[in-house]
Structure formats: C-alpha cells, structure tokens
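What follows is the residue order along each chain.
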Amino acid sequence: MARVPERYRPFLVQHRKLVKFLLVGGTCFVLTTVVDLGLKFTVLQHKPVVALTVATVIATVVSYVLNRQWSFRANGRHREAILFFVVSALAVVVNDLPLIFSRYVLDFREPDVTPLAQEVADFLSGMIVGTFLAMIFRFWAMNRWVFTRTRLRPSSEDLEPERV
C-alpha cells in the first residue's frame, strides 16, 4: 500500500475484496486468452467455442485457488468448492454465449467474413463481452453463495504497509 498514492488508499481499503477479485480476474483473463488462442491456432482450429470453454475451465481452477486464498480469504469447506464449480460452470456458459451468438447467429465466420474479421469478432464477443458478463455474474454469485464465511480478522498483510 505504501506505493499507492495517498488519495487512492481509502478506496482500495474500502473495496479491498473487489480490487483483489479484479486482480485475480485480470490474471485469469490473460491465462484464458493465451490458452484460447493457443488452442484455436493449433488443435482446435475449427472449434472456437470448445477452445474458449477449455481455456475458461483451466483459468477457473486457477481462479478458485487465488480467490479462496487471497480475494475472499475463505475458510475451507467441501460445500464451498462444490458451489464454486457450480457457479463457475454457469459462468462458462455465460462466457460462451456471446461467442456462440457472434459465430452462429450473426455469422461472423468464414466464408461470410475475412479470417481477420472472424478472429476480431471472436475476441470481442468471447474474450471481452463474454468475460465481462461472466465476471459480473461470478463476483455476485461468489459473494452471495460461495465465499460466505470469510476470515473475521484481517491478516497482517492487510494491516501493515508494504515495505520497500
């Protein structure tokens, strides 16, 4: 926190859980993008929805660990893991719907559009719009149903300023 300008500190402290959730989400967004593009341009060239789904599932596992240990600081429960993966499965569907709509309803795919237009439409619909909608859904659902019992006492990391 010592590196953060003074005027932003109250906001970050007040919305600490959201900020951490967004940082985890940003990390998982990059992971999803790399895996999705890697799959789309290699083994799943003609299956963009499957590539996005696989990439999202991989990032979901990473997200669970990071959110549980850092963003929400939840006490471990078996029920929590089940709820997390149920919410995440629904979020994968939310994430895939804009890509499905773009590709198969609006027909933004070859030969109706150029390969570049297809890839731009896939990225915008699946990675940008889909991820944004799924992020909103996940934050709401995680707070409401999954990470409901968080640690009551803040850790020393939350109380002490960061040392340089």
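Described below are features of the structure shown in this document. Residue indices begin from 1 for each chain and proceed along its sequence in written order. For this predicted model, a pLDDT threshold of at least 70 governs which residues receive local features, and a threshold of 80 or more governs which side-chain atom pairs are given and counted, while totals over whole chains, interfaces and linings are taken from all residues. Side-chain numbers come from the whole structure's heavy atoms, not from hydrogens or water.

## Brief notes about the overall build of the protein chain
Quick reminder of the rule: Put simply, DSSP marks the helices as runs of H or I at least four residues long and the strands as runs of E at least two long, and each gets a number from the N terminus on. Each residue gets one of three labels from its accessible area relative to the maximum for its type: buried under 20%, exposed over 50%, partly exposed in between, using a 1.4 Å probe on protein chains only. The contact criterion used throughout is that any non-hydrogen atoms of two residues lie within 4.5 Å. Accessibility throughout is a Shrake-Rupley quantity obtained with a 1.4 Å probe, and a residue counts as covered only by protein chains that appear here.
Looking only at helices and strands, the protein chain features 6 helices and 0 strands. Ordering the α and β elements of the protein chain from the N terminus gives α-α-α-α-α-α. The buried share of the protein chain, taken over its 164 residues, is 32%. For the protein chain, long-range pairs separated by at least 24 residues make up 73% of all intrachain contacts whose partners lie at least 6 apart in sequence. Within the structure as shown, the protein chain displays about 10100 Å² of accessible surface, and the carbon and sulfur contribution to it stands at 69%.

## What to know about the side chain of R103
Considering the arrangement of structural elements, one finds R103 in helix α4 (residues 78–105). R103 has contacts with P48, F108, R109, Q118, E119 and D122, leaving out every residue within four places of it along the chain.

## Brief notes about the nonpolar core
To keep things clear, this is the line we draw: To form a nonpolar core, buried Ala, Val, Leu, Ile, Met, Phe, Trp, Tyr and Cys residues must be joined to one another through side-chain atoms within 4.5 Å.
Counting residues in hydrophobic clusters, the biggest one holds 9 residues: F21, Y64, F72, F84, V87, A141, M142, V146 and F147. Within the residue set of this core, elements represented by two or more residues are α4 and α5 (115–146). Of the residues forming this core, the biggest block, 3 residues, is contributed by α5. Core analysis: the next-biggest nonpolar cluster, separate from the first, contains 5 residues, V35, L44, A51 and A55 among them.

## Thoughts on the pattern of salt bridges
What counts, and what does not: The working definition used for a salt bridge is a side-chain nitrogen of Lys or Arg within 4 Å of a carboxyl oxygen of Asp or Glu.
This structure, assessed with the given rule, holds 5 salt bridges. Taking the shortest distance from any N to any O, the salt bridge between R9 and E6 comes out at 3.0 Å. Classification of E6 as exposed rests on a relative accessible area of 58%. Between R103 and D122 there is a salt bridge, with the nearest N and O atoms lying 2.7 Å from each other. Here D122 lies in helix α5 and R103 lies in helix α4, a separation of 19 residues in the sequence. When its relative accessible area of 7% is taken as the criterion, R103 is described as buried. Three or more residues are tied together by salt bridges with common partners; here these are K40, R103, E119 and D122.

## A word on the layout of surface pockets
To keep it simple, the criterion reads: The definitions used throughout rest on a 1 Å grid laid over the protein atoms alone, on which a cavity is an enclosed set of points accommodating a 1.4 Å probe that cannot get out and a pocket is an open set flanked by protein within 12 Å on both sides along at least five of seven lines; lining residues are those having an atom within 4 Å of a point. Grid points are joined across faces, edges and corners, and a volume is the space filled by probe spheres set on the points. Under the scheme applied, nonpolar residues are Ala, Val, Leu, Ile, Met, Phe, Trp, Tyr, Cys and Pro; charged residues are Asp, Glu, Lys and Arg; polar residues are all the others, including Gly.
Looking at the second largest pocket, its volume works out to about 300 Å³. Counting residues per element, the ones that place at least two in the lining of the second largest pocket are α2 (16–40), α3 (48–71) and α5. Split by residue class, the lining of the second largest pocket holds 7 nonpolar, 9 polar and 1 charged.

Shape descriptors only; they carry no functional weight alone.
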